Amino acid sequence: MITGARKGETSWLRRLAARASSKELAAFVVPGPEVARAFGLDLGAAGLRVVPSPRHASVLVVVGGLPEGLRDAASVIYAQMMRPRAVLVLGSDTASPLPGPDVSAPMDQESLSAAVARLRRAFAEGAWDPGVEDYAPEAAATETRYTCPMHPEVVQKEPGACPKCGMDLVPREVSSGESDGEEEEEEAGELHHGSMDHGEHGSGGHEHMDHTDMGFMSMVEMTRDLQPSGDGLRMEWVEVPFGPLFPGLPGGLALTFTLDGDTVACVQSGSAVGRGGGCLQGVPVDDLLEHLGRIDPLSPVAYRVLALRAVENAAGVEPARATAYLGALEHERVVSHLGWLSSFGYLIGYEWLHRRAAGLQLALLRDDTGEGETLWGDLSDLLQRLRGATLLRRRLEGVGRLRTARAAEYPGPVSRAAGLPYDVRSEEKAYQDLGFEPAVQEGNDAYSRLMLHLDEMERSQEIVQAVGSVSAPDDLGVQDGISGEGDATVETPRGPARLRVRIEDGMVRSAELETPSGRHAQLVEDVALEHEVADALAGVASLDLSPWGMTR
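If you're wondering where the values come from, they're calculated on a predicted model, not measured in any experiment.

Overview of a nonpolar patch on the surface
Where nonpolar side chains cluster on the molecular surface, the patch consists of W12, L13 and L16 and spans about 380 Å² of accessible area. Relative to the assigned elements, L16 resides in helix α1 (residues 12-22).

Remarks on the pattern of salt bridges
Inspection of the entire model under this criterion finds 28 salt bridges. Among the ionic pairs, R393 bridges to E397, the shortest N-O distance being 3.1 Å. Among the ionic pairs, E504 bridges to R502, the shortest N-O distance being 2.4 Å. One network of salt bridges, in which partners are shared, links E330, R333, R416, D423, R425, E456 and E491.

Quick look at the sheet that holds strand β16 (residues 507-514)
Spatial ordering of the open sheet is given by β14-β15-β16, a layout of three strands whose pairing is antiparallel. Both edges of this open sheet fall to β14 (484-492) and β16, since each of them pairs with a single strand only. Looking at each pair of strands side by side, their axes are set apart by 15° on average, direction ignored. Set on the sheet, helix α8 (residues 300-315) makes contact with β14, β15 (495-504) and β16; between it and β14 the angle comes to about 150°.

Considering the packing of aromatic side chains
Enumeration over the complete set of coordinates arrives at five aromatic pairs. Seen in terms of ring centroids, F242 and F246 are 5.2 Å apart; in terms of plane orientation they differ by 85°. Their pairing is edge-to-face. Relative accessible area serves as the criterion here: at 9%, F242 is assigned to the buried category. Grouped by ring-pair contacts, the aromatic residues F242, F246 and F257 constitute a single cluster. Just above the ring of Y78 sits the side chain of R85; from NZ or CZ to the centre is 4.4 Å.

Details of the environment of L288
Along the polypeptide, L288 turns up in helix α7 (residues 288-293). Put simply, L288 and L476 are 188 residues apart on the chain and 8.6 Å apart in space, counted from C-alpha to C-alpha. Among all residues touching L288, those that are not within four sequence positions of it are L280, V283, A307, V311, V501 and V508.

What about the sheet that holds strand β5 (residues 86-90)?
Taken together, five strands build an open sheet; the order of strands is β3-β2-β4-β5-β6 and the sheet is parallel. Strands with a single pairing partner mark the edges of an open sheet, and in this sheet they are β3 (48-50) and β6 (103-105). Taken over all neighbouring pairs, the strand axes of this sheet differ in orientation by 30° on average, direction set aside. Two strands pair when backbone bridges link them, and strand β4 (residues 59-63) and β5 are joined in this way by five bridges, in the parallel orientation. The partner of V59 across the bridge, within β5, is A86.

Some details on the side chain of R37
One can find R37 in helix α2 (residues 33-38). Despite being buried, R37 has no salt bridge partner; E34 is the closest side chain of opposite charge, sitting 5.6 Å away. A polar atom in the side chain of R37 sits 2.7 Å from the side chain of Q361. Every residue in contact with R37, bar those within four places of it in the chain, is listed here: G339, S342, S343, H354, A358, Q361, L362 and L365.

Description of the layout of surface pockets
Estimated volume of the second largest pocket: approximately 1,000 Å³. Lining the second largest pocket are 46 residues, with A38, F39, P297, L298 and P300 positioned closest to its centre. Of all elements in the fold, only α2, α7, α8, α9 (326-347), α10 (351-366) and α19 (533-542) reach the threshold of two or more residues within the lining of the second largest pocket. The dominant element in the lining of the second largest pocket, judged by the number of residues it contributes, is α9, at nine residues. Classifying every residue of the lining of the second largest pocket gives 26 nonpolar, 11 polar and nine charged.

As for the pairing of β14
Within a regular strand, side chains alternate between the sheet's two faces. For β14 and β15, the ladder comprises nine bridges, and the chain directions are antiparallel. If you follow E491 over to β15, its bridge partner there is P496. Hairpin connection, β14 to β15: the antiparallel pair is bridged by two residues.

Here's the deal with the packing of α10 against helix α11 (residues 373-387)
For the pair α10 and α11, interaxial distance at closest approach is 10 Å and the crossing angle is 155°. Put simply, α10 runs roughly antiparallel to α11. For the pair α10 and α11, the sense of crossing is left-handed. Counted together, W352, L353, R356, A357, L360, A363 and L364 of α10 and L375, W376, D378, L379, L382, R385 and L386 of α11 form the full contact between these two elements. Residue composition of the contact of α10 with α11, grouped by class: 11 nonpolar, no polar and three charged.

Calculation rules
Residues numbered from 1 in each chain as written. Predicted model: local features only at pLDDT ≥ 70, side-chain atom pairs only at ≥ 80, totals over all residues. Heavy atoms only, no water. Patch = residues over 30% accessible without salt bridge, like charges linked within 9 Å, V, L, I, M, F, W, Y side chains within 5 Å. Areas by Shrake-Rupley, 256 points an atom, 1.4 Å probe, with all protein chains shown as cover. Salt bridge = Lys/Arg side-chain N within 4 Å of Asp/Glu carboxyl O. Helix = DSSP H or I, 4+ residues; strand = E, 2+ residues; numbered from the N terminus. Pairing = 2+ DSSP bridges. Axes fitted to C-alpha atoms, helices over the stretch in contact; angles between N-to-C directions. Contact = heavy atoms within 4.5 Å. Phe/Tyr/Trp six-rings, centres within 6.5 Å; stacked < 30°, edge-to-face > 60°. Buried < 20%, exposed > 50% of the residue type's maximum accessible area, 1.4 Å probe, protein only. Lys NZ or Arg CZ within 6 Å of the ring centre and 35° of its normal. Lys, Arg positive; Asp, Glu negative; His and termini not counted. Polar contact = N/O pair within 3.5 Å; in protein donor to acceptor, adjacent residues only side chain to side chain. 1 Å grid on protein atoms, 1.4 Å probe; cavity = no way out; pocket = protein on both sides within 12 Å on 5 of 7 lines; lining within 4 Å. Points joined across faces, edges and corners; volume = space filled by probe spheres on them. Nonpolar A, V, L, I, M, F, W, Y, C, P; charged D, E, K, R; others polar. Parallel < 35°, antiparallel > 145°, perpendicular 65-115°, else oblique. Left-handed = near helix turned anticlockwise from the far one by under 90°.

Function cannot be inferred from these measures alone, as they are strictly geometric.
Given below as structure tokens:
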């Protein structure tokens, strides 16, 4: 039996239907498909069809455990899935507050395939059960509130008349944590401060109206005192969440737009997962490599190399293995950029790009030699096709544009797409010996960021082939009981990350980590505010943020 079985007695017809449904398992992935791919997991090859909506999913796949900030969102997703449904947990044994996993497995492709086979049997044998219990997570609980059809900001717990126009209030279901009317009005006033200046949108601006003697409510009359939007229309504002589990955006990115019509009037953003790896203070220096490697599942190699270089700097030893890890760093850059390209393609509606980039990403992850000539050839073909995609250019040019001075404050791919050549790698002798020069694009918009990602993949491919090895560091290689202060910076796929450590007798006494996404998150408002929703989402996605590098 599965924990999400449908209620009912088993019959031969239901068993027949269950066997049929077990052959077509659809998965909703938490934190997101991009995390599964980063771990080298090919869900499609294992027999799971990834879907963007919980309404179409029969299996909730939790990859690498469930971060605290995603627990409520995951429980709501599971509650929205139709029965029969099941939970598959990879790399962990639990996923509280979800029901106990129907199947759990280690995080590798072989174990995943075996787990899916077990899921099929569980579906076929236990899709119906007369004794199933309801699953009602607290986060999905609803309460009845009463609101005015003409003044949605009016919300109260009891039925009655609208204090503004006298109309009868109508019931609506709200989440148990939703604020009441007074709180909503106060919050709206705060949101508008510092966003688009549209006067009295927050409070509705209808206080002057007396509609008690009207047989109908005129929209023109209702909105006449609202400040017009950029398109000249006068609209009420609506708050819409995108994330932390929104297809096309990185899983864990909490993004909320306040919309004035279809224009973004206010932006709130943050991370639901925060920085992983735990506190570094008090960690034995020998464990620092593993801790940093868990900081960001989207680029673990870069953080392992960062730990190595900081400790080498603290120990006062020469980075003798600097060249050895260039291949691993650049291989990860290609893989990470492909992962971003896949998600970005999905978000802007390019399904072929989404599938092609995801397939190449997985293939390169499995080719740990870095010598897969066929794969590199396939990558070159993809880059060439994208550079010649006229419709893609038209879709993205001008989207998410930043001021050059603003981009200059955020080194990494964002600033290089604004024509600024700063790149940490240019200062490293190992890269200089290979004749490295950073890729640069002009435009400072979503299209130039796309082109920059393509150029960087091409240059990284050349380095990987020149170095001939993609081995990542697996030990620090320094003496026990070292003491000292170390400082290192590594150009990760999303920009420079810096680590400063103070080590005493082999223990980390203090550590300060700066991540690129922690800085770039400050650009979300710049690329989204006062743009239409689709362009605002594309602008945010073009920043290539990792919620794992952002502070919660």
